[in-house]
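Letter by letter, the chains look like this.
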Amino acid sequence: MNTIMNNFVRAIHTLGREARSREKDGAQVAGLGCPFSGDDSTTHMVDGSSGVALITALIALSVVTLIGLTLVFVSTTDALIERNNRARVSQAYSAESGCEEARSRMSSILNEPSTPLASPSQWVYIVSSPAVNPTAGSRSSNPYFDAEYRTPCSAALLLSRLTRPGFSWVRIQSKTERWAHYNLDDSGSYLSHTNTNADVPVFFGFSKLLSNSKATQYVNSGTRPAVYAGTPVYQLTVLVRDGEGFRYTTLADISEVPIPPLRAALYSRDAIWIGSANVQISGEDEGGTGSTLDALESQNAITGDFAGIHEAPNSVRPASSFAYDAEAIIKMLRPPVSREIEKVAPGISRGSDGTYVANDITLGELPGEADLSQAIYVEGSLNLSNSKGQGILAVNGDLNITGPFVYYGLIIARGKVSFNGGTLPGIDIHGGVLASSPDGNQNSILSGNTRVSYHAGYIREQFAALGFFRLAYRDNF
Amino acid sequence: MRHSDSGISLIELLLVLAILTILMGALLRSMDESQTIATISRDENEMRQNLQDALFLLSSEIKMSGFPPESFYDREYLQSPSSFKNLVASGLLQATPQDIRFQGDINNDGEVEYVHYYLSGTVPPFTLNRFGGKLNRIDGSLPSGSPQKLSEFVQHFQLKYYNKNGAETSALQEVLLVEVHLTMRTRRVDPLTRVYRTASQSVRVRPMNL
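What comes next concerns the included structure. Just so we're clear, the structure is a prediction, and the values are computed from it rather than from any experiment.

**Digging into the environment of N396 of chain A**
All names here are of chain A.
Right, on to step 1. Topologically, N396 is positioned in the loop between β19 (382-395) and β20 (399-413).
Right, on to step 2. Considering only alpha carbons, one finds N396 and G380, 16 residues apart in sequence, at a separation of 4.9 Å.
Right, on to step 3. Contact partners of N396, with chain neighbours within four places excluded, come to I330, Y377, V378, E379, G380, S381 and R414.
Right, on to step 4. A distance of 3.1 Å separates a polar atom in the side chain of N396 from a polar atom in the side chain of E379.

See below:
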């Protein structure tokens, strides 16, 4: 098109030049001028050429304008698509940040009398600014109004600690079937107003009776409190509202990590062999706050020297029918609930088979010293010697400990354990040990000066220090 | 003067007609090109919109894979013969560079859907397909039906999977992050450049329940 236009313009210019040239020569120019205008027609003929140039210019201008408008249209559409996309992503992240703020503040919220959450009708809101009140007014008068808020619910408002929160508010409440809008069990529809079960708080925990039990949510009513051991579940609802009124909500369930139901100071699904009279295992609660457990329990045989095994009430329980789903427990304790051992002990080495090897490391500070609980996750087997710690040690493999070693809390291994205390001070564990290889066909070995004393209080403290973790997360369009 | 007053000669008329023809030709040509530009722009917009829609669908559905987890329900209820078998999502079922299968309650209606995204075709443009539907309530079996074509103009589609350390992984149980890369092309060749216009975009999705 450009070539044609250029040729055309060139032709017009040539025509114009010829006309002007002839005019100078006194010759009359025949062409586009008016034939009835007499002598002045020469001038008009030149003007006629200008008219063609004008048309040409208009055509060119219209083409340029069309191209320009198209580009503007494309750019505007692109910008709109990009803006919508950015808004969606931004809102999703804002909702997640709201959940994270609520999760991280849960422990302090529960300890604060002004923000009660004991009853499912007691709600706490974290609001983005003092101007946001989800309980005031109505849906038409308040863009941040929470349509689910109604009497007899009570609400406490907390201000977000984020510098520029992207969410409008986060609602925290005890989870019930009615507020979660689904049935957790077959005790009746949550929609029924006569179903009182639908208003009972939901908990998350383990069955104390079921073998290979995984942690699950349950309505804490009927026989559940007796059979299950767990912690309350809190439901978070986040509202993100942008300047154009678009609302985006997210729901999340959070709870504390429940303590696996312990039956013995040291449980091993694998056979246990006690190699020394200096191995002392006690199921009596050192702190005196919990019930007495067995000293040792295994799905297989328990053999060796029982001289140091405490006798009351049941000393050892071999051939037990009970088993733990160690994989599920370890999975629950993975980061971010815990920290990888590489981060706690940066100098830790790994053998050719992937086993972590550590000597003289601190896995949390001991009570009486800095007293700092530390949950640690080990992705593989661990050989540990001359170390100490406090917290929860989750080993996704075999665990070998050589004394001296002192630990306060719960040790969980997805494999067999081998404790060799050697000479005094040996191995001293205050809390409990739970070990289970996948097939249970290995041998756990206890030897040297090894002591495991059940301590319910220390175990409870370590789990309480874990804080809250997310059970489930869903966008609610 | 008399001669010029006599009217327009045939040559003059022809010249005028020729000029007008050229003018009209140029005008029509420019209109045609404008239409072509508009068409390719529409194509490009359609392609970009498809790209955004496909990525949004992919990312929002992958995000919900694994929801609800087993822990969402009472275990005894799940094991009861009377409970529906489409309540719990298994999460990722297959994770390859051009194929992803998963289960999740992607529309938050309390029933788990099975979703399969895959590419078909041997040469570009490929077709991006989505096969999905609710699991059978009674036995948890896969849904029946035909796949839905998300786009027939896919130039490149790749999925990458990352573990907690940010390293690529192919182990399903390790996957914590999914990266989706999608390149689409226009339906028609751009007449000015003689090539297809393309648009690419990548998005990283963290399935929140895996």
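**As for the interface of chain B and chain A**
Right, on to step 1. Residue-level contacts link 41 residues of chain B with 55 residues of chain A.
Right, on to step 2. Together chain B and chain A conceal approximately 4,600 Å² of surface at their shared face, both sides included; 58% is due to carbon and sulfur atoms.
Right, on to step 3. It is F72, D74 and R75 of chain B in chain B that bury the most area against chain A; as a group they hold 13% of the surface buried on that side.
Right, on to step 4. Taken together, chain B and chain A are joined by six salt bridges.
Right, on to step 5. In this assembly, chain B and chain A are joined by 13 residue pairs in polar contact (both at pLDDT 80 or more).
Right, on to step 6. Counting only elements with at least two residues in the side of chain B that touches chain A, the list comes to α1 (2-5), α2 (10-63) and α3 (75-79) of chain B.
Right, on to step 7. No other element matches α2 of chain B, which puts 19 residues into the side of chain B that touches chain A.

**So, the packing of aromatic side chains**
Between two aromatic rings, the relevant description is the distance of the centres plus the angle of the planes.
Right, on to step 1. Throughout the structure, instances matching the rule amount to 19 aromatic pairs over all chains.
Right, on to step 2. Geometrically, the ring pair formed by F67 of chain B and F72 of chain B is edge-to-face, given 5.1 Å between the ring centres and 65° between the ring planes. The pair F67 of chain B / F72 of chain B is uniform in exposure class, with both members buried.
Right, on to step 3. Grouping aromatic residues by their ring pairs yields a cluster made of W123, Y125, Y149, W169 and W179 of chain A.
Right, on to step 4. A cation over an aromatic ring shows up here: R241 of chain A above the ring of Y144 of chain A, its NZ or CZ 5.7 Å from the ring centre.
Right, on to step 5. Positioned above the aromatic ring of F84 of chain B, the side-chain terminus of R137 of chain B is 4.7 Å from the ring centre.

**Here we look at helix α7 (residues 456-464) of chain A**
Right, on to step 1. Residues of α7 of chain A that are buried: A456, G457, Y458, I459, Q462 and F463 of chain A.
Right, on to step 2. Buried-residue contacts for α7 of chain A involve β19, β20, β22 (427-435) and β24 (450-454) of chain A.

**A closer look at the environment of R187 of chain B**
All names here are of chain B.
Right, on to step 1. Here R187 shows up in strand β6 (residues 177-190).
Right, on to step 2. C-alpha separation for the pair R187 and M31, spaced 156 residues apart in sequence, amounts to 21 Å.
Right, on to step 3. If sequence neighbours within four positions are ignored, R187 has contacts with D43, E46, F153 and Y196.
Right, on to step 4. A distance of 2.8 Å separates a polar atom in the side chain of R187 from a polar atom in the side chain of E46.

**A look at the sheet that holds strand β2 (residues 99-104) of chain B**
Backbone-to-backbone hydrogen bonds pair the strands of a sheet. The strands run either parallel or antiparallel.
Residue and element names in this part refer to chain B.
Right, on to step 1. Judged by pairing direction, the sheet is antiparallel, and its seven strands sit side by side in the order β1-β2-β3-β4-β5-β6-β7 without closing on themselves. Unpaired on one side and paired on the other, β1 (91-96) and β7 (195-205) mark the two borders of the sheet. The sheet shows a mean angle of 25° between the axes of neighbouring strands, taken without regard to direction.
Right, on to step 2. Here β6 pairs with β7 via ten bridges, running antiparallel. Across the sheet, the residue bridging to M184 is A199, located in β7.
Right, on to step 3. Packing of α2 onto the sheet brings it into contact with β2, β3 (113-120), β4 (126-134), β5 (148-162), β6 and β7, and relative to β6 it is tilted by some 160°.

**Comments concerning the nonpolar core**
Right, on to step 1. By size, the foremost hydrophobic cluster in this structure holds 81 residues, and its most contacted members are L333, L382, L393 and F419 of chain A.
Right, on to step 2. The biggest single contributor to this core is β20 of chain A, with eight residues.
Right, on to step 3. Once residues lying within four places of it in the same chain are set aside, the contact partners of L382 of chain A are I341, I348, T355, Y356, L393, V395, D398, L399 and N400 of chain A.
Right, on to step 4. With 29 residues, the next largest nonpolar core counts L119, Y161, V178 and A199 of chain B among its residues.

Each value, and the rule that gives it
- Residues numbered from 1 in each chain as written.
- Chains lettered and ligands numbered in written order.
- Predicted model: local features only at pLDDT ≥ 70, side-chain atom pairs only at ≥ 80, totals over all residues.
- Heavy atoms only, no water.
- Helix = DSSP H or I, 4+ residues; strand = E, 2+ residues; numbered from the N terminus.
- Contact = heavy atoms within 4.5 Å.
- Polar contact = N/O pair within 3.5 Å; in protein donor to acceptor, adjacent residues only side chain to side chain.
- Buried area = accessible area lost by both parts, 1.4 Å probe.
- Salt bridge = Lys/Arg side-chain N within 4 Å of Asp/Glu carboxyl O.
- Phe/Tyr/Trp six-rings, centres within 6.5 Å; stacked < 30°, edge-to-face > 60°.
- Buried < 20%, exposed > 50% of the residue type's maximum accessible area, 1.4 Å probe, protein only.
- Lys NZ or Arg CZ within 6 Å of the ring centre and 35° of its normal.
- Pairing = 2+ DSSP bridges.
- Axes fitted to C-alpha atoms, helices over the stretch in contact; angles between N-to-C directions.
- Core = buried A, V, L, I, M, F, W, Y, C linked by side-chain atoms within 4.5 Å.

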